[in-house]
Amino acid sequence: MFATLGRFTHRHRWAVLGGWIMILALGFTVGSGVFSHLSESQGSSSTESVEGAEILAEHGPTGPGVIAVVSGRAVEDPEVRASVLRTSKEVAALPYVTDVANAYENPDPALRSAEGNSSLVAVTLEATGAMDEAHARVDELREIFHDSVPGAEVLVGGDEPVMRDEMVTAQEDLVKGQMVALPLLLLALLFVFRGWRSASLPLLGAVVTVGGALLVLLGATRFIDVSSYAVDTVVLFGLALAVDYSLLMVSRFREEKAAGGTVAEVVERTVAAAGRTITYSALTVIASLSGLFVFETPVFQSLAVGGISTVLVALGAGLTLVPAMLALWGRRINAEARSEVKGGAFGRLARKVQRRPLLVAAGVTAVLLAAGAPFLGVSYSSGDHRVLPTSVESRQATDLMVAEFPAMGTGPVQVVAERPADDPEVQEYVDAVSDLPGVVAATARPLGEDSSVVSVVPDGETQGEEAQALVHELREERPAYDSWVTGQAAFLVDFSDHIADRLPYAAVLIGLSTFVLLFLMTGSLLVPLKALVMNTLSLGATFGALVWIFQDGNLSGLLGFTAFGAIEVWVPIIVFVFAFGLSMDYEVFLLSRIKEAFDKGMTSDEAVAAGLQRSGRIITSAAVLVMIAFLGFAVGDNLGIKEMGLALAIAVAVDATLVRCLLVPATMTLLGERNWWAPRWMRRFHDRYGLHEVPEAVRPDLPVEAAA
């Protein structure tokens, strides 16, 4: 099948190239419109916090969406008073504004600071589901408020500006990440291939995959909610996979060209050999991403749909676009014969490991376990203002409100009650809640005729430990009537609990599907089990580094962020799924070569050394290139994107060095011939249905180093 695809691609190379150019053009013109259709929804529809939020939404806004902080001049200054009143009147005249409260016309003491040098203007907006409209509202309000009070600083914050700034920084980080990564990728590829044509092909595959990913996500917005983080994550992952697949295809072409033949024959052999490997790799990655469907949350479902589709785009580019370009440039791309097994650096490394396999395996395992230890103390947050850099206006405004306006700066825990606000039972509940430790204030407001909402302001941050503890306490000590505890802290608690509940099912699904695929490839029972254990160790080390850096604040000055004692709750799940997929990617690259050598009559130890020698350079080169792509996103401003980019870079580095180059050869040496053991019934099943790696079009006279 793959040989046929190689022949087809060579014969119709111009048509194939034209189709991919169209995808590229549409991706960066039409597909870029995905940013106008994104959603900030992350919660599950079955949680208490979401149900409570839906009840609140039915009755319209229950609090201000935009808050302007006026600071730097005395609140009672006549000029300040006149300016704030004039601006409030101008804002109130806007068609989408339903209420404006300031420190002069509203008796609420929470609107002015205790020192009397700052005040708030709270603006309540009509609800809108259009992201573009919401952003335009924030921009217009900022234009009105800025410079509205002479001699004072006016910062616009609140929920709407924070969401707007998070979306904008995520989009800017996507562009910035590509602008940083792509030139560095090109330089690294030039170093690897020492020729601009060979170097440009993986980069071309990556750019086309990014365009295709944007198109896929735009289409997905018609059916599901797509999170802003999904775009960055899917594009980033597509970039990495495209580099991997294109690099393998180009490397195999140069290797096959050294064996002789016309360009058409070499392209056919290349697709027949490398096409099987990258297709099998794509299947393992898709199996990993499928685990996201277990989580009933829009952000994970959109990542699963977008991620799987992007894998298919990257695979399609690797199987058709890159071979078509090889068909066009094949005569001018240098051939490269593979090193002899016993003479290569990776072969020598494997034999050194094989001399002391137990010591190497125990040492690497101990290092990985120690690196993962910090993850035992992990704390989470979920998309609050602290993911923004301190240079962003909404972050500055919210930080100032938290410091000077505790009752307004901290998002309340909201209790939706099926009792009117003037009911004596509600008043008793408010009094009781006000006396709880860690509660700054508690007030009840009407919510229609027969219900109310009790806003409970916790001490500290909106999603801090105090707020989360308050959510648990309010749910344990409920009033006598029906109630729902919601708010940002409740969302975080429910989201974290949902992940903890569903994670075992996702892990089992990913583990079983990966085990089946690796068994179909190797025919072994132990090799897939060993791969799952090693991947778990590698990911544990990555999570430990994530906590050590971002939660504990180590390297914060170097990386340019401010730690606040937590990491984004979605990051470990995304890193787990995507890093697991990438590690399986490299596992397939390595095992396919080891299994090939073993099937040709080598002993297990010889096959391990031969497989590492033949695949080590490709795996290492691919890992370096993928790390460059990930680190390009780690320089972004949005802390969630920074966490994800750096964590994935660490995962790739750990997997390509400690795991693939040391732990795999050490454990396979310890197992020896038992690596390939399986019960007889499983062996018969593999012989009949296994995905064998023998290509159709490899010439029988090729040396082992050039055969697939």
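Colleague: Any chance you could explain the overall build of the protein here in plain terms?
Modeller: In terms of regular secondary structure, the protein is built from 23 helices and 10 strands. What you see for the protein is a C-alpha radius of gyration of 29 Å, in line with the 27 Å of a compact globule of 708 residues. Expressed along its principal axes, the backbone C-alpha trace of the protein runs to roughly 90 × 50 × 40 Å. Relative to its 708 residues, the protein shows a buried fraction of 59%. Surface summary for the protein: the accessible area is close to 27,300 Å², and the carbon and sulfur share equals 59%.

Colleague: I keep staring at a positive patch on the surface and nothing clicks. Help me out?
Modeller: Side chains of Arg 348, Lys 352, Arg 355 and Arg 356 sit close together on the surface and give a patch of like positive charge. Considering the arrangement of structural elements, one finds Arg 348 in helix H11 (residues 345-355).

Colleague: Would you mind going over the nonpolar core with me for this structure?
Modeller: Among the nonpolar cores identified, the biggest contains 172 residues, and Val 231, Leu 292, Phe 300, Leu 303, Phe 578 and Phe 630 are the most heavily contacted of them. Tallying contributions element by element places helix H20 (residues 571-599) first for this core, with 18 residues. Among residues more than four places away in sequence, those in contact with Leu 292 are Phe 300, Leu 303, Ala 304, Ile 573, Ile 574, Val 577 and Phe 578. Listed in part, the 22 residues of the second largest apolar core include Val 84, Leu 125, Ile 144 and Phe 145.

Colleague: Just to check I follow, could you spell out the packing of helix H18 (residues 526-551) against H20 for this structure?
Modeller: Angle between the axes and distance between the axes: these two values describe a pair of packed helices. Direction vectors running N to C along H18 and H20 enclose 135°, while the axes themselves pass 10 Å from each other. Considered as vectors, H18 and H20 are oriented oblique to each other. Crossing of H18 over H20 shows right-handed handedness. Side by side, H18 and H20 meet where Val 527, Ala 531, Leu 532, Asn 535, Leu 539, Thr 542, Phe 543 and Leu 546 of the first sit next to Val 571, Pro 572, Val 575, Phe 576, Ala 579, Phe 580, Ser 583, Met 584, Glu 587 and Leu 591 of the second. Considering only residue class, the contact of H18 with H20 consists of 14 nonpolar, 3 polar and 1 charged.

Colleague: Help me understand the pattern of salt bridges in this model?
Modeller: For side chains of opposite charge, pairing can occur when their charged atoms come near one another. Across all of its chains, the model carries 22 salt bridges by this definition. The closest approach of N and O atoms between Arg 73 and Asp 77, which form a salt bridge, is 3.0 Å. In this structure Asp 77 comes out as partly exposed when scored by relative accessible area, which is 23%. The salt bridge partner of Asp 423 is Arg 419, with a shortest N-O separation of 4.0 Å. Taking relative accessible area as the criterion, Arg 419 reaches 27% and is therefore assigned partly exposed.

Colleague: Sorry, what's going on with the side chain of Ser 451 here?
Modeller: Its place among the elements puts Ser 451 in the loop between strand E7 (439-446) and strand E8 (452-458). For Ser 451, the side chain forms a polar contact with the main-chain oxygen of Leu 447, separated by 2.3 Å. In this view, Ser 451 contacts His 59, Ala 417, Glu 418, Arg 419, Pro 420, Ala 421 and Pro 446; residues no more than four positions away in its chain are not counted.

Colleague: How should I be thinking about the sheet that holds E8 in this particular structure?
Modeller: Backbone hydrogen bonds hold the strands of a sheet together, and the pairing may be parallel or antiparallel. Pairing is antiparallel across the open sheet formed by 4 strands, whose spatial order is E7-E8-E6-E9. Sheet topology places E7 and strand E9 (483-486) at the edges, where each strand pairs with a single neighbour. Strand-to-strand twist across the sheet, computed as the mean angle between neighbouring axes with direction ignored, equals 15°. Relative to E8, strand E6 (residues 413-417) is paired through 5 bridges, and the arrangement is antiparallel. Residue pairing in the sheet places Ala 417 in a bridge with Ser 452 of E8. Running at roughly 20° to E6, helix H16 (residues 465-476) makes contact with E6, E7, E8 and E9 of the sheet.

Colleague: Looking at this structure, how should I read the sheet that holds strand E1 (residues 66-71)?
Modeller: One open sheet accounts for 4 strands, arranged E2-E3-E1-E4; its pairing is antiparallel. The open sheet terminates on both sides in strands that have one partner only, identified here as strand E2 (97-102) and strand E4 (153-157). Averaged over all neighbouring strand pairs, the angle between strand axes comes to 15°, with direction disregarded. Pairing analysis gives 5 bridges linking E1 to E4, with the strands arranged antiparallel. Directly across from Val 69, in E4, lies its bridge partner Leu 155. Against the sheet, helix H4 (residues 78-92) contacts E1, E2 and strand E3 (118-125), and its axis sits at roughly 170° relative to E2.

Colleague: In this structure, what is going on with the environment of Thr 486? I would like to understand it.
Modeller: Here Thr 486 is to be found in strand E9. Using a relative accessible area of 1% as the deciding quantity, one classes Thr 486 as buried. Separated by 18 residues in the primary sequence, Thr 486 and Pro 504 place their C-alpha atoms 26 Å from one another. In this view, Thr 486 contacts Ser 49, Gly 52, Ala 53, Leu 56, Val 413, Gln 414, Val 416 and Phe 491; residues no more than four positions away in its chain are not counted. A distance of 2.7 Å separates a polar atom in the side chain of Thr 486 from the backbone oxygen of Ser 49.

Rules of the game
Residues numbered from 1 in each chain as written. Predicted model: local features only at pLDDT ≥ 70, side-chain atom pairs only at ≥ 80, totals over all residues. Heavy atoms only, no water. Helix = DSSP H or I, 4+ residues; strand = E, 2+ residues; numbered from the N terminus. Rg over C-alpha atoms; globule rule 2.2 N^0.38 Å. Buried < 20%, exposed > 50% of the residue type's maximum accessible area, 1.4 Å probe, protein only. Areas by Shrake-Rupley, 256 points an atom, 1.4 Å probe, with all protein chains shown as cover. Patch = residues over 30% accessible without salt bridge, like charges linked within 9 Å, V, L, I, M, F, W, Y side chains within 5 Å. Salt bridge = Lys/Arg side-chain N within 4 Å of Asp/Glu carboxyl O. Lys, Arg positive; Asp, Glu negative; His and termini not counted. Charge placed at Lys NZ, Arg CZ, Asp CG, Glu CD. Core = buried A, V, L, I, M, F, W, Y, C linked by side-chain atoms within 4.5 Å. Contact = heavy atoms within 4.5 Å. Axes fitted to C-alpha atoms, helices over the stretch in contact; angles between N-to-C directions. Parallel < 35°, antiparallel > 145°, perpendicular 65-115°, else oblique. Left-handed = near helix turned anticlockwise from the far one by under 90°. Nonpolar A, V, L, I, M, F, W, Y, C, P; charged D, E, K, R; others polar. Polar contact = N/O pair within 3.5 Å; in protein donor to acceptor, adjacent residues only side chain to side chain. Pairing = 2+ DSSP bridges.

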